[in-house]
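# Residue-level structural notes
Here is what each chain is made of, one letter per residue.
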Amino acid sequence: MKQKKQQLVKHKKKNVRIFPIYKTVSWDLLFYFPIIFLFLTQVKGLSPSEVLFADAFYTLSNTFWQFPVTTFVDKIGKKNCLIIGNILYSVTILSMIFMQNFYELLIIQFIYALGYSIKGICESNILYDSLPVGKKRGKVFSTIDGKASSYFYLFDAVSSIIAGFTFTINGYIPMVLCFSFCVISTVLSFKFRHTVILEEKVKSISLKEYMGQLKDSIKFFMESRRLKLLILLNSIFLGLIFGIVNLRSSMLSEMNVPEQYFGIIFALLQFAAAVTARQSEKIHKALRNKTLTYLTIPVTVSCILIGFIGKDVLSKSSLILIFLLYLIQYAAKGPYRGLMERYLQNFTNRKIRPKITALKNLSSNLITAIITLLCAILLEITTTANTFIIIGCITTIIAVLLLDYMRDKVGLKPEKYSKEEMKYSLYKPNK
């Protein structure tokens, strides 16, 4: 047993070493997002509203997959699932290169959502499970995750520039490059090691037993005001960030920005995210309980401003101001995701974390789908600028109400929480 524990420690250290390299090339699709709107509209001939409807279908598919995927992860382990998730990514990008119509895109998005759901549950949990248990675990996690996120954003910035310029040569080149890095991600995922001793591995459980565990997780979610509020706020933030991805491209298209400059613009945005992601721990220390407020409100309000400024699509000054507002959104996105993962995983154990992640993803996917569908519907009846204004106003109101309600319920010291809130915690409140 002692030898197996020593081997386990080695496995965990190896995971911690590999994780930044893996995340740099695997956190999300490289070469993809700066040109996918152009690829689908110009190369594949889809309309902007069809692209947004496909995005909404993708996020709804994510919602569908969350709980089946959680069962799958529990059954075969995070490492094995991560490999499968990356294989699915490779298959979907390859399929998108050869697709012929909108309905094929919907099938591809359904499979892509499965891969994303698997990766979303496994990736951060593999790192967190590999870190030593203790009070500094959250700090170490956010430091490593923040640096890894920073590396990804920098690499994504370079890939965005390449994607923009290669798209003008041939629209398929960035997609082939994206597929190549999906294959590299799959190879890297084989390098991770299991972090559970053989005798301690979770035994296969019946569907009834699993549903009982899931019911307990949902009950804990409903009882925990802290967890509920964090997940709701996270859903609004990520729902907005991901819901307007193609809306940003639509705005640039309306402003007649040349295709090769799309890559440069998104590269600069990713560079801003890289800089702020690397500073996530410093941001947390400086802002403390106000961190989420200072990251969320500028993003929602920026959408309103983009809408008003974007009404003048022929003005160069409007383009510059819109770019600066995009910059604010990406600067907030950089540290946000890592810090939110840290806040959600605080006061939890290894068994409950994947289920909390599933609930978080389920909620954010649902809100993203709603926002994306609303954007698609609004684009059918009004301009991109007006769509930004409406979406920005709705999310700002909801975010302000949530943040105001959270003030005395989130960000407290462990001893200030009730026993119910600390049910799955390694720390015990002095109550």
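Residues numbered from 1 in each chain as written. Predicted model: local features only at pLDDT ≥ 70, side-chain atom pairs only at ≥ 80, totals over all residues. Heavy atoms only, no water.

### A few points about the pattern of salt bridges
If you walk through the whole model with that rule in mind, you get three salt bridges. Lys23 is the salt-bridge partner of Asp145, the closest N and O atoms lying 2.6 Å from each other. Linking Asp145 in helix 6 (residues 137–169) with Lys23 in helix 1 (residues 2–26), this pair joins segments that are 122 residues apart in sequence. Judged by its relative accessible area of 5%, Lys23 falls in the buried class. Glu123 serves as the salt-bridge partner of Lys119, at 2.7 Å between the closest nitrogen and oxygen. (Salt bridge = Lys/Arg side-chain N within 4 Å of Asp/Glu carboxyl O. Helix = DSSP H or I, 4+ residues; strand = E, 2+ residues; numbered from the N terminus. Buried < 20%, exposed > 50% of the residue type's maximum accessible area, 1.4 Å probe, protein only.)

### As for the packing of aromatic side chains
Considering all chains together, one arrives at 18 aromatic pairs under this definition. Between Trp27 and Phe152, the aromatic rings sit 5.4 Å apart at their centres with planes inclined by 80°, giving edge-to-face as the arrangement. On the criterion of sequence distance, the pair formed by Trp27 in the loop between helix 1 and helix 2 (36–43) and Phe152 in helix 6 is long-range, its members being 125 residues apart. Across this residue pair, the class does not change: Trp27 and Phe152 are buried. Seen from their ring centres, Phe237 and Tyr336 are 3.6 Å apart, and the 15° between their planes marks the pair as stacked. Here Phe237 is found in helix 9 (residues 225–243), whereas its partner Tyr336 is found in helix 14 (residues 316–345), with 99 residues between them in sequence. Here the aromatic residues Tyr32, Phe33, Tyr58, Tyr89, Tyr112 and Tyr116 are joined through ring pairs into a cluster of three or more. Here the guanidinium or amino end of Lys23 rests over the ring plane of Trp27, the centre of that ring lying 4.0 Å away. Geometry around Tyr89 places Lys119 over its ring, the cationic atom sitting 4.9 Å from the centre. (Phe/Tyr/Trp six-rings, centres within 6.5 Å; stacked < 30°, edge-to-face > 60°. Lys NZ or Arg CZ within 6 Å of the ring centre and 35° of its normal.)

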